There are 2 protein chains.
Amino acid sequence: MYPTKIRFILGSSLDKAGQGRCIPEESIGRQMKKQHYDFGLVGLGVMGRNFILNVADNNFAAAGLDVSQEQVDTLIAEGGNPDRVNATTQASEFVSSLKQPRRIMMLVPAGKIVDQVIANLLPLLRPGDLLIDGGNSYYTDTDRREAELKEKGILYLGAGVSGGAEGARKGPSIMPGGSPEAYPLIQPVFEAAAAKFEGEPCVAYMGKKSAGNYVKMVHNGIEYALMQMLTEMYDLMKKSSNATNLEMSERFSEWNTGRLQSFLVEITADILQQKDPLEEGFLIDRILDKAKQKGTGKWTSQNAMDLGIPVPTIDMAVTMRGLSGLKALREELMPNTTALSPKISIKRT
Amino acid sequence: MYPTKIRFILGSSLDKAGQGRCIPEESIGRQMKKQHYDFGLVGLGVMGRNFILNVADNNFAAAGLDVSQEQVDTLIAEGGNPDRVNATTQASEFVSSLKQPRRIMMLVPAGKIVDQVIANLLPLLRPGDLLIDGGNSYYTDTDRREAELKEKGILYLGAGVSGGAEGARKGPSIMPGGSPEAYPLIQPVFEAAAAKFEGEPCVAYMGKKSAGNYVKMVHNGIEYALMQMLTEMYDLMKKSSNATNLEMSERFSEWNTGRLQSFLVEITADILQQKDPLEEGFLIDRILDKAKQKGTGKWTSQNAMDLGIPVPTIDMAVTMRGLSGLKALREELMPNTTALSPKISIKRT
């Protein structure tokens, strides 16, 4: 998302040659107390901001780091009390503000940015400090990073976080994996912040190395398949019986009271009721039928193929997202799509 | 297949410390003329033996190398004239027997064995010599090998060979890729040995680096899909109308006279007629319903997913081979499979 910026700003704060430069007081932000915060979070987008506020609600003083002064200001304003939640754009100030051993979680886009953030933080860390990647990193990247950091005495966890922005704020499901000696350092924070199911926190140590990222990857693959099934239900009801959005919403709501009860069925019912805020009609009818895929579902299919484990429903979900993305080609090949709609009638009960 | 043996025998022939050992005369094989042969082939299994005999039929003197004295003897016997086709188990004798620049093709199992053969031949080669990998190597392996060999002045091609053992003997389809300056060195040999379609040889330079292996990979992926379709046709006819093997064979033969004419449809008709050589009945009814997959179809699906190109028929073919392999699990979950057979009737025309 912002690789150049993050490198520049984090990089400049670590630049020894630049330490003597005259930095205007106002650009440094509010001065943070040293060794005061229990938990640090890098990347204050919606997910990161919500997760850090969640941690702070559970009585862990939390510090944030982001390249954007605006994101920093938003968090400080929402946090209310800087002793409880504070943030900065300066990596050195951020790291100094944390109690030792430091517990720092990254919620930044997977890929090169994770490596850049690690490279920028590393000179500021001490052996025994803990770094956690909360993003959807590919599992072999986590294996590599954990091995590299182990040599420098830094503990590392790859921890999948599920539940979206709302989950991050109110209680996500967390899937940490990595050094067995690392997990106890963050366990109280994760158990407090996680969703609770029948009183139990939705977090557990998944295993060594990248086990956490791997479990999250498969979890996302299953979600791909469930979402594909929901869209097929929608398509079938709409094309076969000309059901209205409200009728379909009602059907999903009904399913959500029985064995099919789940978050995805629940929000599908809600989505179908959503009015278009800009004009007459329903939002669902204005949504472009063109989906993207971020990688975890695809990785699940690819890994299952390597293991010889058939996951045809996930395979098809990945393929259908691919087909969905090729909208221009689909329209070229099927100029009159309605003529191809299935003529099936299903009996309403 | 035989990594330890191939390393030992090729390795020992290159082992400087071993050069002084007393090797019994008969184990060296017939002495080969130096700088006499136009083409060298490593790996004298059925594919390799057939390909080298094909090359020799086209008036290129050809030398073979294999770890097995038996394979060497078989080739020499089949070749008839050692000036035309000869072979050895000794890498140094093999390399010395080739005209310079040497043109050597490997037909060995993909993976580490290719690297071992290259490592063993390399000290015997000169800059300007050409190595060709005729196996189904993964394309990134070919990219790596080509780059490594380029530094040492050795030309490299990855050339997919299609048509099985019979194709190798009578005329395969060949898909070479790699250094543009490498292809002209082997072009006359490949054009002579390849299958002909309307007089044109079924071989062309596919592009730089691993383009040849990549095209062969996709070619095999398409073949996976076609084979899956044929098995589904068979299953549908058998379960829905209790068609006999001969009735099904007749149907495939009929299809093979029209737009569906192809090698795979043709051999399906033949397979269905094949009697069991050991007992009463047809061979097809004795074949274990458990397929393996060698990788190229799987790689096609995985690469298509990376490129966002939907290939659902290939995906399902890969998945069905995976399901097929899990025979014990299938039987456990479906103890009475016949009860689940579809009850569909199709109209015979």
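Here the structure is shown first, and the text comes after it.
Since we're looking at a predicted model, the values are computed, not measured.

1. Structural notes on the interface of chain B and chain A
1) Next: Tallying the contact residues gives 16 residues for chain B and 16 residues for chain A.
2) Next: Regarding the contact of chain B and chain A, the summed buried area is about 1,400 Å², with carbon and sulfur atoms giving 67% of it.
3) Next: Ranking the residues of chain B by area buried against chain A places Gln 302, Met 305 and Pro 310 of chain B at the top, with a combined share of 40%.
4) Next: Where chain B meets chain A, there are two salt bridges.
5) Next: The partner of Lys 298 of chain B in a salt bridge is Asp 306 of chain A, and the shortest N-O contact between them spans 2.9 Å.

2. Let's talk about the side chain of Asn 54 of chain A
1) Next: Relative to the elements of secondary structure, Asn 54 of chain A occurs in helix 2 (residues 46-57).
2) Next: When near neighbours in sequence (up to four residues on either side) are disregarded, Asn 54 of chain A contacts Gly 167, Ala 168, Arg 169, Lys 170, Gly 171, Pro 172 and Ala 193 of chain A.

3. Regarding empty space enclosed by the protein
Residue and element names in this part refer to chain A.
1) Next: Applying the stated rule across the entire model yields one cavity of 30 Å³ or more.
2) Next: The calculated volume of the largest cavity comes to roughly 40 Å³.
3) Next: Taken together, Asn 136, Ser 137, Tyr 138, Tyr 139, Asn 213, Tyr 214, Lys 216, Met 217, Thr 296 and Trp 299 make up the full set of residues lining the largest cavity.
4) Next: When contributions to the lining of the largest cavity are tallied by element, the ones reaching two or more residues are helix 9 (211-241) and helix 12 (296-307).
5) Next: Per-element accounting of the lining of the largest cavity gives the leading share, four residues, to helix 9.
6) Next: Partitioning the lining of the largest cavity into residue classes produces five nonpolar, four polar and one charged.
7) Next: Residue-level mapping places the lining of the largest cavity at the junction of two domains, with at least three residues from each of domain 1 (22-209) and domain 2 (217-338).

4. Here's the deal with the relation of the copies chain B and chain A
Each of the two chain copies can be brought onto the other by rotation about an axis and movement along it.
1) Next: With an axial shift of 0.0 Å and an RMSD of 0.1 Å, the rotation relating chain B to chain A amounts to 179 degrees. Considering both components of the superposition, the chain copies are consistent with a two-fold axis. Looking at the rotation axis and the C-alpha trace of chain B, the residue lying nearest is Gln 302 of chain B, at 2.7 Å.

5. Some details on the pairing of strand 5 (residues 130-133) of chain B
All names here are of chain B.
1) Next: On strand 5, burial covers both faces: Leu 130 and Ile 132 on one face and Leu 131 and Asp 133 on the other are all buried.
2) Next: Both strand 4 (residues 103-106) and strand 5 contribute to a ladder of four bridges, which runs parallel. Along strand 5, the bridge assignment pairs Met 105 with Ile 132.
3) Next: In this region the chain leaves strand 4, passes through helix 5 (residues 112-121) and returns to the parallel neighbour strand 5; the handedness of that crossover is right-handed.
4) Next: The pairing of strand 5 with strand 6 (residues 155-162) spans four bridges and is parallel. In the sheet register, Ile 132 faces strand 6, and the bridge partner there is Leu 157.
5) Next: With respect to chirality, the unit in which strand 5 leads through helix 6 (residues 139-151) into the neighbouring parallel strand 6 is right-handed.

6. A closer look at the sheet that holds strand 6 (residues 155-162) of chain A
Residue and element names in this part refer to chain A.
1) Next: Spatially, seven strands are ordered 3-2-1-4-5-6-7 in an open sheet, and the strand pairing comes out mixed. A strand with exactly one partner marks an edge of an open sheet, and here the two such strands are strand 3 (85-88) and strand 7 (173-178). Neighbour-to-neighbour, the strand axes of this sheet turn through a mean angle of 25 degrees, independent of strand direction.
2) Next: On top of the sheet, helix 2 reaches strand 1 (39-42), strand 2 (62-65), strand 3, strand 4 (103-106), strand 6 and strand 7; it is set at about 170 degrees to strand 1, its chief contact.
3) Next: With respect to the sheet, helix 9 is in contact with strand 6 and strand 7, its orientation differing from that of strand 6 by roughly 15 degrees.

7. What about the sheet that holds strand 2 (residues 62-65) of chain B?
All names here are of chain B.
1) Next: With mixed pairing, seven strands are arranged side by side in an open sheet as 3-2-1-4-5-6-7. The two strands at the open ends of the sheet, each matched to only one other strand, are strand 3 (85-88) and strand 7 (173-178). Averaged over all adjacent pairs, the angle separating strand axes in this sheet is 25 degrees, with direction ignored.
2) Next: In terms of strand pairing, strand 2 meets strand 3 through four bridges, oriented parallel. Bridge pairing in strand 3 links Ala 63 to Asn 86.
3) Next: Here helix 2 (residues 46-57) sits on the sheet in contact with strand 1 (39-42), strand 2, strand 3, strand 4, strand 6 and strand 7, set at roughly 170 degrees to strand 1.

8. Details of the environment of Phe 60 of chain A
Residues and elements named next belong to chain A.
1) Next: As for its placement among the helices and strands, Phe 60 is situated in the loop between helix 2 and strand 2.
2) Next: Expressed as a C-alpha distance, the spacing of Phe 60 and Asp 38, which sit 22 residues apart in the sequence, is 5.7 Å.
3) Next: The contact partners of Phe 60, leaving out residues within four places of it in the chain, are Asp 38, Val 55, Arg 84, Pro 188, Val 189 and Ala 192.

9. Quick look at the pattern of salt bridges
1) Next: Overall, the coordinates contain 42 salt bridges over all chains when judged by the stated rule.
2) Next: One salt bridge in this structure joins Lys 327 of chain A and Glu 331 of chain A, with 3.0 Å as the shortest N-O distance. Of this pair, Lys 327 of chain A and Glu 331 of chain A both sit in helix 14 (residues 327-333), four residues apart, roughly one helical turn.
3) Next: Here Glu 148 of chain B makes a salt bridge to Arg 144 of chain B, at a shortest N to O gap of 3.8 Å. Here Arg 144 of chain B and Glu 148 of chain B lie together in helix 6, a separation of four residues that amounts to about one turn.
4) Next: Overall, Glu 148 of chain B belongs to the partly exposed group, its relative accessible area being 42%.
5) Next: According to the relative accessible area criterion, Arg 144 of chain B is partly exposed, its value standing at 32%.

10. Focus: helix 6 of chain B
Note on helix geometry: an α-helix contains 3.6 residues per turn, so any two residues three or four positions apart are oriented the same way.
Residues and elements named next belong to chain B.
1) Next: End to end, helix 6 covers 19 Å across 13 residues, agreeing with the expected 18 Å (1.5 Å per residue, within 8%).
2) Next: Residues Tyr 139, Thr 142, Asp 143, Arg 145, Glu 146 and Leu 149 constitute the buried set of helix 6.
3) Next: Where helix 6 is buried, its residues meet helix 5, strand 5, strand 6, strand 7, helix 9 (211-241) and helix 12 (296-307).
4) Next: Trailing helix 6 by a residue or two, Gly 153 shows a phi angle of about 80 degrees, which is positive.

The rules behind these values
Residues numbered from 1 in each chain as written. Chains lettered and ligands numbered in written order. Predicted model: local features only at pLDDT ≥ 70, side-chain atom pairs only at ≥ 80, totals over all residues. Heavy atoms only, no water. Contact = heavy atoms within 4.5 Å. Buried area = accessible area lost by both parts, 1.4 Å probe. Salt bridge = Lys/Arg side-chain N within 4 Å of Asp/Glu carboxyl O. Helix = DSSP H or I, 4+ residues; strand = E, 2+ residues; numbered from the N terminus. 1 Å grid on protein atoms, 1.4 Å probe; cavity = no way out; pocket = protein on both sides within 12 Å on 5 of 7 lines; lining within 4 Å. Points joined across faces, edges and corners; volume = space filled by probe spheres on them. Nonpolar A, V, L, I, M, F, W, Y, C, P; charged D, E, K, R; others polar. Domains from an automatic or database assignment. Least-squares fit on C-alpha atoms with pLDDT ≥ 70 in both. Buried < 20%, exposed > 50% of the residue type's maximum accessible area, 1.4 Å probe, protein only. Pairing = 2+ DSSP bridges. Right-handed = clockwise from strand over helix to strand, strands pointing away. Axes fitted to C-alpha atoms, helices over the stretch in contact; angles between N-to-C directions. Expected span 1.5 Å × (residues − 1).

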